[in-house]
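# Per-entry structural report
Single-letter residue listing:
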Amino acid sequence: MAKYNHREIENKWRKIWKENPVNVDDGQKPKYYCLDMFPYPSGSGLHVGHWRGYVISDVFSRYKLLNGYYLIHPMGWDSFGLPAENYAIKMGTHPAKTTAENIASIKTQIHQINALYDWEMEFSTTDPDFYKWTQWIFIKMFKEGLAYEKEMPINWCPSCKTGLANEEVVNGACERCGDPVTKKNLKQWMLKITKYADRLLNDLDKLDWPEKVKKMQADWIGKSYGAEVDFLVCEREEKIKVFTTRPDTLYGATFMVLAPEHELAALLATSETKEAVDKYIYESSLKSSVDRLQDKEKTGIFTGSYAINPLSGEKLPIWLADYVLADYGTGAIMCVPAHDERDFEFAKKFDLPIVQVIAKDGIETPDMTEPYCEPHGLVINSSDWNGMESALLKAEAPLIIEKRGLGKKTTNFKLRDWVFSRQRYWGEPIPIVHCPACGCVPVPEEELPLLLPNVESYQPTGTGESPLAAITAWVNTVCPSCGLEAKRETNTMPQWAGSSWYFLRYIDNKNDEALVDKEKASKYLPVDMYIGGVEHAVLHLLYSRFYTKFLFDLGYVDFEEPFIRLFNQGMITGKNGVKMSKSKGNTVSPDDLVRDYGCDSLRLYELFVGPPELDSEWDDRGIEGVYRFIAKFYNLVMENKDKNTKPTKEMLRIRHKMIYDITQRLNNFSLNTVVSGFMEYNNKMIALARDGGIDKETLITGVILLAPFAPHLAEELFRELGGKESVFSCRWPDACENLMADDEKEVAIQLNGKTKKVVRMAADLSQADAIKLAKEELGERLIGTIIKEIYVPGRIVNLVVRD
RNA sequence: GCCGCAGUGGCGGAAUUGGUAGACGCACAGGACUUAAAAUCCUGCGGGCUCAACACCCGUACCGGUUCGAUUCCGGUCUGCGGCACCA
């Protein structure tokens, strides 16, 4: 009999499927759009970690196919980005060339997985046909006032020599290279993502996403409720607005602090303090955000001016301190040292008064040695507010303040507008012309795409100008509006620009007239299942949601959320949980494993290593186990396919239980236990075959269930079992609960909750009979008086005994 | 500091709503087949006690609680990982 030969079987079906695709749109079937986060075509190729996500999505896709769906399962390339550009700087090779080569080699590797990708849908974000529409969206945003230019201090990565979005700064360092981020004053294109803050927050409820990711986005958006309160400056015209989430503590405000960048900061200095104040403002302007974060000790300086507490009328000294952030709230705060940790620390250091206004458990603390920050307790020292509950007052105070004309009820977000320009070469040119007469004028839509020109030097200038600025022939143009001489914008878009909407394009990737045909969009979109790593929780996934909402508002798509369901696969790591990377030399290439064990074995093993949502350490040795399973199953089918064994009750039971277990585990995304389940049922079937044979229908069922996981093997065996068409034209089998049920069950007999014996008994045995049986089984071991008898049919009998 | 997740054999990991802890696999050990090896098949495999078996005892990070019964629920502690980090 033929031995399992993975190479022969896999090559055979690879070829046949290519000629006879198994996933076709007949116009009748419902669609299912299952998408992988598209890869950046890096030069180091794929390792076994990359396989995991692709295998998970393909398994799920093929499962949907067997459930009667037409699958949309595309693949493309996120190919703008720094590595290709840095390589160009070093070697002088054009990034387009490097990118094309990398795509070709990664594609070869991806083909090894033999996932159901529809390569007709493929594109790269660097294709002019594609980035035409990336630019087009930018122009739409510009026209809607959502893209605007602003000069401000932005995050600057000195190593990448470009500005960064807030989302790209991780613990004060560049998300990409890890170098500390500094501030730089630059004129930048910004996207007004903050306009969508509320919707981005509220619509999280609609999504079938991991709670963790939703929470990360909610925290990033960071909505807080409170009041904006006006404080008048003594003997001057100015008002200082502050935002507070604790207006209930307003009577406890004993001083104020402004960020050094606040517009009034320098003005509030008196002739005596001016010199010191200017010095402080200058010094803090030199500090990087990292320095500012790392300063343990708070610094600050008194301006010499005072403000009036609008409720108590007390005079409050106004200070400057860099622990107050210029770009959150109003850049100024009222300080309640008794009930805020930072204010407390500051007050202690500079010897400012501390007034308690909330008494924990209603008891006033004589000398506060630490602040009390919980909004629960009795309001004290607060005139007409005395005696109220803090939590209630916290909710009501904004309205009271608003009624008295001292401020207004308001909310605040941590989310900032998106810094959208990059001072680098390898990105989409921002399609704007700067005209001395008309200002910023968008490139006319019919002139798109605005092609990225070739440059001589890819080297970023580091001065805040893009390498494009050096190409005068490209930069110098005429204003599309008035025809006067004008200059092109030379910054490019960030890498996130293309990935923020690419999922819309797959289904209509050759459309020249529109970003996506409206009819097709409403038929095939949005994405039903999105699979990728958790590292994009706030970057790509937040940007994509923003873009989709924007396109919805303009009527180009009819849904507001791009990804209905999200699954984050865990990372595959090397030994001891170390991330796989070329530099650490711990990557494992799938190529050798495919050669030695086959694609099907590697697919199964990728799932078997551990729960798909958790990180797993890779250990090559384990693949032997799944290979053995495949070979054994192959032998089982080949030996029994022609025997015409009549199904027994036991065979039916195993068949239906197998359907039930595999389906349920698959639906729960418990893919590692699906594989162990196959092994278990395979062992059972082998035992059955030995004890008199196994029926063909049970074997066919096993083959269909295995098809999403080991498609080549399943197809081969399905044909061997007499299948005329592809196994993927079958329907996923249904489990019949009646046939699954076992007449007899193994029941544990316990004495005081401890198992003493395991006995087979009828599943529907009555309580009285079960107890009687248990007593007989225990025999002499049963000493003392039975005070309680517990019987869970099919599971346990427990006799509780006391001496 | 705050929030979230996790901790089970030598290893990866299983255990519907609390109901036989350690499925499945790896590694290891013994055996069969073979001149031999590989492959394959069979057996064993948490710890203690025991020559051995039965029995018994301990055991899901640690301490305590609820329960007839806890890996699962509750309270506290420790450790590891992830997110946020002066957001007023």
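Below, the structure is looked at part by part. Note that the structure is a prediction, hence the values are computed from the model and not measured.

All right, on to the sheet that holds strand S21 (residues 485-488) then. Taken in spatial order, the four strands line up as S19-S18-S21-S20 in an open sheet, and their pairing is antiparallel. Taken across any chain shown, the strands that pair with only one partner, and hence form the sheet edges, are strand S19 (439-442) and strand S20 (476-478). Here the strands of the sheet are splayed against their neighbours by 45° on average, with no regard to which way each runs. Sheet topology places S20 next to S21; three bridges connect them, and they run antiparallel. Along S21, the bridge assignment pairs Val478 with Glu485. In the packing of helix H5 (residues 128-143) onto the sheet, contacts are made with strand S18 (432-435) and S19, and the angle to S19 comes to roughly 135°.

With that out of the way, let us pick up the protein's contact with RNA strand B. Inspection of the region around RNA strand B gives 52 residues, with Thr245, Lys298, Arg342, Arg628 and Asn798 positioned closest. When atoms of RNA strand B within 4 Å of the protein are sorted by moiety, sugar and phosphate together comprise 61%. With respect to RNA strand B, the backbone of Tyr323 contributes an N or O atom lying 2.9 Å from a sugar or linking oxygen. Measuring from a phosphate oxygen of RNA strand B, one finds a side-chain N or O atom of Lys754 at 3.4 Å. Here the element with the most residues in the surface near RNA strand B is helix H20 (residues 671-690); it accounts for seven residues. Residues of the surface near RNA strand B, tallied by class, amount to 18 nonpolar, 15 polar and 19 charged.

Formed by 90 residues in total, the largest nonpolar core has its most connected members in Trp618, Phe633, Phe709 and Leu713. At 11 residues, helix H18 (residues 623-640) tops the list of elements feeding residues into this core. Sequence-distant contacts of Leu713, defined by excluding residues within four places in its chain, comprise Tyr4, Ile9, Asp600, Ile630, Phe633, Tyr634 and Leu706. Within the second largest apolar cluster, 87 residues are counted, among which are Tyr425, Cys479, Phe546 and Val557.

Looking now at the packing of aromatic side chains. One pair of aromatic rings is described through two measures. These are the centre distance and the angle between the planes. Under the definition given, this model contains 50 aromatic pairs. When the centroid spacing of 6.1 Å and the interplanar angle of 70° are considered together, the rings of Tyr70 and Tyr524 count as edge-to-face. With Tyr70 in strand S2 (residues 70-72) and Tyr524 in helix H14 (residues 518-524), the pair connects residues that are 454 residues apart, well separated along the chain. Accessibility assignment for this pair places Tyr70 and Tyr524 in one class, buried. Feature note: the residues Phe138, Phe142, Trp189, Tyr196, Trp418, Phe420, Trp496, Tyr543, Phe546 and Tyr547 constitute an aromatic cluster, connected by ring pairs. For Lys184, the ring lying beneath its charged end belongs to Trp156, and the centroid distance is 4.8 Å. Taking the ring centre of Tyr681 as reference, the NZ or CZ of Lys684 above it sits at 4.9 Å.

Analysis parameters
Residues numbered from 1 in each chain as written. Chains lettered and ligands numbered in written order. Predicted model: local features only at pLDDT ≥ 70, side-chain atom pairs only at ≥ 80, totals over all residues. Heavy atoms only, no water. Pairing = 2+ DSSP bridges. Helix = DSSP H or I, 4+ residues; strand = E, 2+ residues; numbered from the N terminus. Axes fitted to C-alpha atoms, helices over the stretch in contact; angles between N-to-C directions. Contact = heavy atoms within 4.5 Å. Near = heavy atom within 4 Å. Polar contact = N/O pair within 3.5 Å; in protein donor to acceptor, adjacent residues only side chain to side chain. Nonpolar A, V, L, I, M, F, W, Y, C, P; charged D, E, K, R; others polar. Core = buried A, V, L, I, M, F, W, Y, C linked by side-chain atoms within 4.5 Å. Buried < 20%, exposed > 50% of the residue type's maximum accessible area, 1.4 Å probe, protein only. Phe/Tyr/Trp six-rings, centres within 6.5 Å; stacked < 30°, edge-to-face > 60°. Lys NZ or Arg CZ within 6 Å of the ring centre and 35° of its normal.

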